[in-house]
Amino acid sequence: VSRMARWTFHYGLSLESPVVFAYYAISFIIRGDFAAGALNGWIALSLLEEFSNRKAKARTIFLVWYYVLPWSRHIRDSERPLIAGYHFATDCGDTRMSFFCIFGKLIADLISGRPLRQIDDVC
């Protein structure tokens, strides 16, 4: 992860830069630096506006909203972005990432205490 980040800093941004920053944010979360993780997560999300890589968009949304931002924001804040990631992944044919995004949304529903009947109605 740090090698990818060094290459981004050295050579500049690429289509995969949002994903790189998302993984970089996860590395901060693993080390317990939640503020730096959230900052890098927001950087990853802001880089999505620079590029039109829909596959990387879904992956970045999943990584940031499932692994990074729930440590600094309420888990219910990640439901809408994960649904958007699901749609981005489905639109570009990435079934694996669409599954991960919808799985993350269901986990967020369960963790936030949403009643099972409501979750079942949505599914």
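Conventions we followed
- Residues numbered from 1 in each chain as written.
- Predicted model: local features only at pLDDT ≥ 70, side-chain atom pairs only at ≥ 80, totals over all residues.
- Heavy atoms only, no water.
- Core = buried A, V, L, I, M, F, W, Y, C linked by side-chain atoms within 4.5 Å.
- Buried < 20%, exposed > 50% of the residue type's maximum accessible area, 1.4 Å probe, protein only.
- Helix = DSSP H or I, 4+ residues; strand = E, 2+ residues; numbered from the N terminus.
- Contact = heavy atoms within 4.5 Å.
- Phe/Tyr/Trp six-rings, centres within 6.5 Å; stacked < 30°, edge-to-face > 60°.
- Salt bridge = Lys/Arg side-chain N within 4 Å of Asp/Glu carboxyl O.

*Asks:* Help me get a handle on the nonpolar core, residues and values and all.
*Replies:* Counting residues in each nonpolar core, the largest one holds 25 residues, and the members touching the most others are Leu45 and Leu69. Every element with two or more residues in this core is listed here: α2 (17–30), α3 (34–47), α4 (54–68), α5 (79–91) and α6 (95–111). Every residue in contact with Leu45, bar those within four places of it in the chain, is listed here: Thr60, Ile61, Val64, Trp65 and Leu69. The next biggest cluster of nonpolar side chains, apart from the first, holds 5 residues, and it includes Ala5, Val20, Phe28 and Ala36.

*Asks:* Which residues make up the packing of aromatic side chains, and what values do they have?
*Replies:* The description of an aromatic ring pair rests on the distance of the ring centres and on the angle between the ring planes. Within this structure, the stated rule accounts for 10 aromatic pairs. For the ring pair Phe62 and Tyr67, a centre distance of 5.6 Å and an interplane angle of 80 degrees mean the geometry is edge-to-face. Classification of Phe62 as buried rests on a relative accessible area of 6%. Residues Tyr66 and Phe103 carry aromatic rings whose centres are separated by 6.5 Å and whose planes lie at 50 degrees to one another, so their mutual orientation is tilted. On the criterion of sequence distance, the pair formed by Tyr66 in helix α4 and Phe103 in helix α6 is long-range, its members being 37 residues apart. Take Tyr66: its relative accessible area is 23%, and that puts it in the partly exposed class. These aromatic residues form a ring-pair network of at least three members: Phe62, Tyr66, Tyr67, Phe99, Phe100 and Phe103.

*Asks:* Break down the side chain of Thr60 for me, citing the residues and quoting the values.
*Replies:* Along the chain, Thr60 falls in helix α4. According to the relative accessible area criterion, Thr60 is buried, its value standing at 0%. Ignoring any residue separated from it by four or fewer positions in sequence, one finds Thr60 in contact with Pro18, Val19, Ala22, Ala44, Leu45 and Leu48.

*Asks:* Kindly report on the environment of Leu47, identifying the contributing residues and their values.
*Replies:* Examined against the element boundaries, Leu47 turns out to sit in helix α3. Sequence spacing of Leu47 and Pro18 is 29 residues, and the spatial spacing of their C-alpha atoms is 5.5 Å. Excluding its chain neighbours within four sequence positions, the residues that come into contact with Leu47 are Leu13, Ser17, Pro18 and Phe21.

*Asks:* Give a description of the pattern of salt bridges that names residues and reports values.
*Replies:* Tallied over the entire structure, the rule returns 4 salt bridges. For the salt bridge of Asp109 with Lys105, the shortest nitrogen-to-oxygen distance reads 2.5 Å. Placement of the pair is Asp109 and Lys105 together in helix α6, with a separation of 4 residues, close to one helical turn. Judged by its relative accessible area of 7%, Lys105 falls in the buried class. Within this structure, Glu79, Lys105, Asp109 and Arg114 form a network of salt bridges that share partners.

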